[in-house]
Amino acid sequence: MKLSYIGIISYDTREGIDPKNREPSQELAVVKDVSSYGLLTRNNYAQFMTFFAKQLAEKAKPNQRQSVAQDAQDFVFHVYSHKLGVCGVAISDAQYPSLAAHKLLGNVVNEFLAKFPASSWKDLTASSPRANIKDQLAEYQKELQQQLAQYQDPAQIDTIGQIQRELDDTKQVLHQTIESVLGRQEKLDELVHKSNDLSDMSKGFYKQARNQNRCCVLM
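Predicted model only: the values in this text are computed from it and were never measured. (Residues numbered from 1 in each chain as written. Predicted model: local features only at pLDDT ≥ 70, side-chain atom pairs only at ≥ 80, totals over all residues. Heavy atoms only, no water.)

On to the pattern of salt bridges. One pass over the structure, following the stated rule, counts three salt bridges. Two residues, D33 and K2, come together in a salt bridge whose shortest N-O distance is 2.5 Å. Taken as a pair, D33 in the loop between β2 (26-32) and α1 (42-59) and K2 in the segment before β1 (3-10) lie far apart in primary sequence, 31 residues in all. Given the relative accessible area of 18%, D33 is considered buried. Taking the shortest distance from any N to any O, the salt bridge between E143 and K115 comes out at 3.5 Å. Here K115 lies in helix α2 (residues 98-115) and E143 lies in helix α4 (residues 131-150), a separation of 28 residues in the sequence. When its relative accessible area of 31% is taken as the criterion, E143 is described as partly exposed. Overall, K115 belongs to the partly exposed group, its relative accessible area being 43%. (Salt bridge = Lys/Arg side-chain N within 4 Å of Asp/Glu carboxyl O. Helix = DSSP H or I, 4+ residues; strand = E, 2+ residues; numbered from the N terminus. Buried < 20%, exposed > 50% of the residue type's maximum accessible area, 1.4 Å probe, protein only.)

Here it is as structure tokens:
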């Protein structure tokens, strides 16, 4: 079992507006473990973790929990979208229990909001970041790094029975695939092409993987 990513991502909570006018999602705090990949491809995988996590955060509905798999079922994106505009995302392999991942995300999101009220990061944009908040977020990522290491073993989170009872009070976890959330492969190709999160090298890596009939690159 492997947990490769834990992230807190902001998303635009406004309803009824043109998707083109929505504020782009943003990683507020994130930790990744790409040590299991080859040295030449680690950066590509790290970039695609960010790309897919942000895309799923933008598509999620408030108070929704999702476990989104790649068609080959090698990796799973666990997503918990909070109504205040932050989305917790964890990326694991298919063997990692989804209930444990969602318990982890619930803890992480609640801890984040306790430390960082919405007023402190709502206007935190790439063009006008608040220096003090950036420093605090960087410090918080050290806590996330500890959790990423600790919760490689899902038994450290809680028992599955206790997790299930807690999740019964929320909406049911939706189990979907990347394509069902982001659209057909042609749309996914376009999103990759336009993404600012991906370098030209990573886009080339994606194209090569697509030509080899490997879905979604990361998986």
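The subject of this paragraph is the pairing of strand β3 (residues 65-69). Among the five residues that make up β3, five are buried, leaving the element largely enclosed by the rest of the structure. Where β3 and strand β4 (residues 75-81) come together, five bridges link them in antiparallel fashion. Residue pairing for β4: Q66 is matched across the bridge by V79. (Pairing = 2+ DSSP bridges.)

This part is about the pairing of β4. The buried fraction of β4 is high, at seven of seven residues. Burial along β4 is two-sided: the face carrying F75, F77, V79 and S81 and the face carrying V76, H78 and Y80 are both buried. In terms of strand pairing, β4 meets strand β5 (residues 86-93) through seven bridges, oriented antiparallel. Residue pairing in the sheet places H78 in a bridge with A90 of β5.

Attention shifts here to the confidence of the model for the protein chain. Of all residues in the protein chain, 75% attain a pLDDT of 70 or more, and the chain-wide mean is 78. Within the protein chain, β1 carries the highest mean pLDDT (94), whereas helix α5 (residues 160-167) carries the lowest (54). Across residues 214-219, where pLDDT falls below 50, the model places 26 contacts with residues more than four positions away in sequence or in other chains. (pLDDT = per-residue confidence, 0-100. Contact = heavy atoms within 4.5 Å.)

What follows concerns the environment of A60. With respect to the helices and strands, A60 occurs in the loop between α1 and β3. On a C-alpha basis, the gap between A60 and Y11 in space is 9.0 Å, while along the polypeptide they are 49 residues apart. Apart from the residues within four sequence positions on either side, A60 is in contact with Q66, V79 and S81.

Next up on the list: the side chain of S4. When you line up the elements, S4 lands in strand β1. By relative accessible area, which is 1% here, S4 ends up buried. S4 has contacts with V31, K32, D33, M49, F75, I91 and L148, leaving out every residue within four places of it along the chain.

Before going further, it helps to examine the environment of Q152. With respect to the secondary-structure elements, Q152 resides in the loop between α4 and α5. Given a relative accessible area of 22%, Q152 falls into the partly exposed group. Taking the C-alpha atoms as reference points, Q152 and S92, 60 residues apart in sequence, are found 9.3 Å from one another. Of note is the side chain of Q152, whose polar atom sits 2.9 Å from the backbone oxygen of L148. (Polar contact = N/O pair within 3.5 Å; in protein donor to acceptor, adjacent residues only side chain to side chain.)

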